[in-house]
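In case you want the letters, here they are:
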Amino acid sequence: MNYPKKIGGVKKKIISSSEEEEEDSQVGVLNISEFPDLPQDIRKNDSTEVSGFEEKLFKELSFIRVHLVKIGQQLSVLELNMKSHQLQDNDKNEEKHDNFEEIIRKFPLDTELDLRNMEVYLLNNPDFKKYLINYCSRLGGLKIDQITKIMLRKLISNKLAANYSWLGAKKKQSFNLLIAEVILCAVKQNKLIGETTEKEMIDSVKNWLKHAHVRYTNQ
């Protein structure tokens, strides 16, 4: 009488074990449809079995990819902004150079008021000072005296220069001005001459100022 119960007990145990195996078989099942970005060779079917580690890895990779897309979009926006700023800067530089060229056309300076206004402008606009130095350095000449005279004739009239000497001797005004600094810097920047001393440049300026009155009288 006990034998059937034993068999029945075994049978129940077998059924219970089968159910547990069926439940265990569901562990680690990954729904691939949740990851549309996975490669096709991984997308076998919706019931691909992977370990818990692999499932976590796939999720993290998908998360990283989403953020990479966002970063790419942000970089695109930054690139567009940079290009926009560059265009604006180019427009400003072109406008600034147009203004500088307009100022250049006012040379040579002919009155004390013109010279004082230019000194103030050079002091407050270092960009124009650099522009003027570059401009003067390209005026030409092969020797220091020649280069210096070309620059001085371009910047100052004989009438105005007659009122100045380098140190302000003989009741004249000192030529210790920013316009003089522009000339010296431009001579140094001229690539057509070799090494030269500041004394040589100053002597050339002194000589040109010294004879300004005679040149003005003979005009």
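Sequence order as written defines residue numbering, which begins from 1 separately in each chain. With pLDDT at 70 or above as the cut-off, local features in this predicted model cover only qualifying residues; side-chain atom pairs require 80 or more to be listed or tallied, and sums for whole chains, interfaces and linings still use all residues. Note: side-chain values were computed over all heavy atoms of the structure, leaving out hydrogens and water.

Visitor: Can you help me understand the overall build of the chain in this one?
Guide: Looking only at helices and strands, one finds nine helices and two strands in the chain. Where helices and strands are cited, they refer to DSSP runs of H or I of at least four residues and of E of at least two residues respectively, numbered from the N terminus. When the helices and strands of the chain are read in sequence order from the N terminus, they spell out α-α-α-α-α-α-β-β-α-α-α. The classification of residues rests on relative accessible area computed with a 1.4 Å probe and restricted to protein chains. Under 20% of the type maximum is buried, over 50% is exposed, and intermediate values are partly exposed. Burial statistics for the chain: of 219 residues in total, 26% are counted as buried. Contacts: residue pairs with any heavy atoms within 4.5 Å of one another. Considering only residue pairs separated by 6 or more positions, the chain has 59% of its internal contacts joining residues 24 or more positions apart. Total accessible area computed for the chain in this model is approximately 15,800 Å², and 55% of it derives from carbon and sulfur atoms. Accessible surface area values rest on a Shrake-Rupley calculation with a 1.4 Å probe, where residue burial reflects the displayed protein chains alone.

Visitor: Before we go on, may I ask you to explain the side chain of Ser137 in this structure?
Guide: Within the secondary structure, Ser137 sits in helix α4 (residues 126–137). With a relative accessible area of 12%, Ser137 lands in the buried category. The term polar contact refers here to a pair of N or O atoms within 3.5 Å; inside protein, the definition further demands a hydrogen-donor-capable atom paired with an acceptor-capable atom, and it admits residues adjacent in sequence only when both atoms are side-chain atoms. A distance of 2.7 Å separates the side chain of Ser137 from the backbone oxygen of Asn134, its partner in a polar contact. Contact partners of Ser137, with chain neighbours within four places excluded, come to Met151, Ala186, Gln189 and Asn190.

Visitor: Help me out: how do you make sense of the nonpolar core in this one?
Guide: Most often, soluble globular proteins keep nonpolar side chains buried together rather than apart. Phe107, Phe128, Leu132, Phe175 and Ile179 are the most contacted members of the largest nonpolar core, which has 40 residues in total. At the level of secondary structure, the elements contributing two or more residues to this core comprise α2 (52–104), α3 (112–124), α4, α5 (144–155), α6 (158–161), α7 (178–189) and α8 (198–210). It is α7 that contributes the most residues to this core, seven residues altogether. Dropping the residues within four chain positions of it, Ile179 is found in contact with Phe107, Leu115, Met118, Glu119, Leu122, Leu132, Leu155 and Ile156. The nonpolar core is taken to be a set of buried Ala, Val, Leu, Ile, Met, Phe, Trp, Tyr and Cys residues, with the residues joined through side-chain atoms within 4.5 Å.

Visitor: What should I look at first to understand the packing of aromatic side chains in this one?
Guide: The relative placement of two aromatic rings is captured by the distance of their centres and the angle of their planes. Pairing of aromatic rings covers Phe, Tyr and Trp, the last counted by its six-membered ring, and requires centre-to-centre distances within 6.5 Å; plane angles under 30 degrees mean stacked, over 60 mean edge-to-face, and any other angle means tilted. The final tally for this structure, using the stated rule, is five aromatic pairs. Between the aromatic rings of Phe100 and Tyr131, the centroid separation amounts to 5.2 Å while the plane-to-plane angle is 50°, which identifies the pairing as tilted. Here the residue Phe100 occupies a position in helix α2, and Tyr131 occupies one in helix α4, the gap between them amounting to 31 residues. Given the relative accessible area of 5%, Phe100 is considered buried. Classification of Tyr131 by relative accessible area gives buried; the value is 18%.

Visitor: What exactly am I supposed to notice about α3 here?
Guide: Each α-helix winds once per 3.6 residues, and so residues spaced three or four apart point in a common direction. An expected span of 1.5 Å times one less than the residue number is assigned to each helix. Taking 1.5 Å of rise per residue, the 13 residues of α3 would be expected to cover 18 Å, and the 19 Å separating its terminal C-alpha atoms lies within 8% of that figure. Along α3, the residues that are buried comprise Leu115, Met118, Glu119 and Leu122. Around the axis of α3, the buried residues are gathered within 105° of arc, so they sit on the same side. The outward face of α3, more than 90 degrees from its buried face, is lined by the exposed residues Leu113 and Asn124. It is the directions from the helix axis to the C-beta atoms whose arc is reported.

Visitor: Got a minute to help me understand a nonpolar patch on the surface in this structure?
Guide: Note that patches include only residues with greater than 30% relative accessible area and no salt bridge, and the join distances are 9 Å for like charges and 5 Å for nonpolar side chains (Val, Leu, Ile, Met, Phe, Trp, Tyr). Salt bridge, as used here, is a side-chain nitrogen of Lys or Arg placed within 4 Å of a carboxyl oxygen of Asp or Glu. Taken together, Phe53, Leu57, Leu61, Phe63, Ile64, Leu68, Ile71, Leu75 and Leu78 make up a surface patch of nonpolar side chains, about 920 Å² in accessible area. Mapped onto the elements of the fold, Leu57 is located in helix α2.

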